[in-house]
Amino acid sequence: MYVIAHLSDPHLDGSPAARDRLRAVTQYVRGFSRPVDVVLVTGDLADHGLESEYEEVAAELAFDVPVLMLPGNHDISAPLRAGLSSYVDSPGDGHPVHQVRDVGEARFILLDTSVPGEDHGLLSPASLSWLAETLDDPWDGLHFVAFHHPPIPLQHPVLDQWILRDSDAFADVLRGRPITALLTGHVHNGASTTFAGHPLLVAPGIRSTAPLPFEPPAAKGLVDLQAAPGLAIHVAVPSQPLITVYRPVPST
Ligand SMILES: [Fe+2]
Ligand SMILES: [Fe+2]
């Protein structure tokens, strides 16, 4: 069995409110009787991309198991690389922050879909070429591609403006490849669908939840800051399809 704790969108900003919501989730994961194999955080680590915020991210996400992180639209490459140098292993010194990380029997291709100064996502031709070459490298195990911006609309009238653009080219690279699942965040909703023939699993937003327009809190605005934070727990068992449990974790 291989277990991934998939967190997303903590948006740490130095405030107790943001910190406490992340801490509720991390404390929950630390309480597992069977430690997870890896913790994955799919972006919007910091709210403003400040180095001080990344220092807080580094401190709050210290685990005894490997922790993988990738950037979202709220993150900024240079301070992220500086503040999270013990977590992020990416060639170069600027944007994008792509990574390939092997943790036990699983390979994680961590894509940077962010566009500096913008909220939507985009993968440049160079990034797509890098992804294709990386996927050409044979890997006989679990194989995940993780990134921040979902490549398809998830029926949210506001957030759908800021998903990954030009996703057809991305689909062309992914289609037919031996990929266990695509793991994303950004839309502050736990969600499950498919893309390019692969499972597309979206982790809930730790900082807030973005209700669908027909849900009761919709009248309160874009985000619900009171809904419980949570995480996705991906469980891989040999010869079985991947299992994902979405777990809300009430914070105090
Ligand atoms: Fe976010
Ligand atoms: Fe985001």
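Residues numbered from 1 in each chain as written. Chains lettered and ligands numbered in written order. Predicted model: local features only at pLDDT ≥ 70, side-chain atom pairs only at ≥ 80, totals over all residues. Heavy atoms only, no water.

Colleague: Any chance you could break down the coordination of the iron ion (ligand 2) for me, citing the residues and the numbers?
Modeller: All of the protein donors around the iron ion (ligand 2) are Asp44 (OD), Asn73 (OD1), His148 (NE2) and His186 (ND1); their distances to the metal are 2.1 to 2.2 Å. Taken together, the 4 donor atoms coordinating the iron ion (ligand 2) span angles of 86 to 162° at the metal, a pattern that classifies the geometry as irregular. Between the iron ion (ligand 2) and the iron ion (ligand 1), the interatomic distance is 3.4 Å, and aspartate 44 donates to each metal, bridging them. Placement of aspartate 44 in the loop between strand 2 (38–42) and helix 2 (51–60) and of histidine 186 in the loop between strand 7 (181–184) and strand 8 (191–195) is noted, with a sequence separation of 142 residues between them. Judged by relative accessible area, which is 2%, aspartate 44 ranks as buried. (Donors = N, O, S within 2.8 Å, 3.2 Å for Na, K, Ca; no water. Tetrahedral: all angles 85-135°; square planar, octahedral: opposite > 155°, others 65-115°. Helix = DSSP H or I, 4+ residues; strand = E, 2+ residues; numbered from the N terminus. Buried < 20%, exposed > 50% of the residue type's maximum accessible area, 1.4 Å probe, protein only.)

Colleague: Account for the UniProt feature "domain: Calcineurin-like phosphoesterase" (unreviewed entry) in the chain, with residues named and values stated.
Modeller: In the UniProt entry, the feature "domain: Calcineurin-like phosphoesterase" (unreviewed entry) is given for residues 4–189. Helix makes up 28% of residues 4–189 and strand 17%, and the two end C-alpha atoms of the span are 18 Å apart. (UniProt positions renumbered as here; feature names shortened; annotations may be inferred.)

Colleague: Give me the environment of valine 249: which residues, what numbers.
Modeller: Inspection of the secondary structure puts valine 249 in the segment after strand 11 (243–248). Assessed through its relative accessible area of 6%, valine 249 is described here as buried. Along the primary structure valine 249 and phenylalanine 170 are separated by 79 residues, whereas in three dimensions their C-alpha atoms are 33 Å apart. Ignoring any residue separated from it by four or fewer positions in sequence, one finds valine 249 in contact with Ala24, Val25, Tyr28, Ala228, Pro229, Gly230 and Leu231. (Contact = heavy atoms within 4.5 Å.)

Colleague: Residues and numbers for the packing of aromatic side chains, please.
Modeller: In this structure the tally under the stated criterion is 4 aromatic pairs. With 5.6 Å between their ring centres and 85° between their planes, tyrosine 28 and phenylalanine 32 make a pair best called edge-to-face. Owing to a relative accessible area of 23%, phenylalanine 32 belongs among the partly exposed residues under this scheme. Ring geometry for phenylalanine 108 versus phenylalanine 144: centroids 5.2 Å apart, planes at 20°, classification stacked. With phenylalanine 108 in strand 5 (residues 106–110) and phenylalanine 144 in strand 6 (residues 142–146), this pair connects stretches of sequence that are 36 residues apart. Just as phenylalanine 108 is buried, phenylalanine 144 falls in that class too. Every member of this aromatic cluster is reached through a ring pair, and the members are Phe147, Phe170 and Phe195. (Phe/Tyr/Trp six-rings, centres within 6.5 Å; stacked < 30°, edge-to-face > 60°.)

Colleague: How would you summarise the sheet that holds strand 10 (residues 230–236) if you had to cite specific residues and measurements?
Modeller: Two modes of strand pairing occur in sheets, parallel and antiparallel, and in both the strands are linked by backbone hydrogen bonds. Read from one edge of the open sheet, 5 strands run 3-2-1-10-11, paired in mixed fashion. The sheet is open, and its two borders are formed by strand 3 (67–70) and strand 11, each paired with just one other strand. Averaged over neighbouring strand pairs, the angle between their axes works out to 20° when direction is ignored. Sheet analysis places strand 1 (residues 2–7) next to strand 10, joined by 5 bridges and oriented antiparallel. (Pairing = 2+ DSSP bridges. Axes fitted to C-alpha atoms, helices over the stretch in contact; angles between N-to-C directions.)

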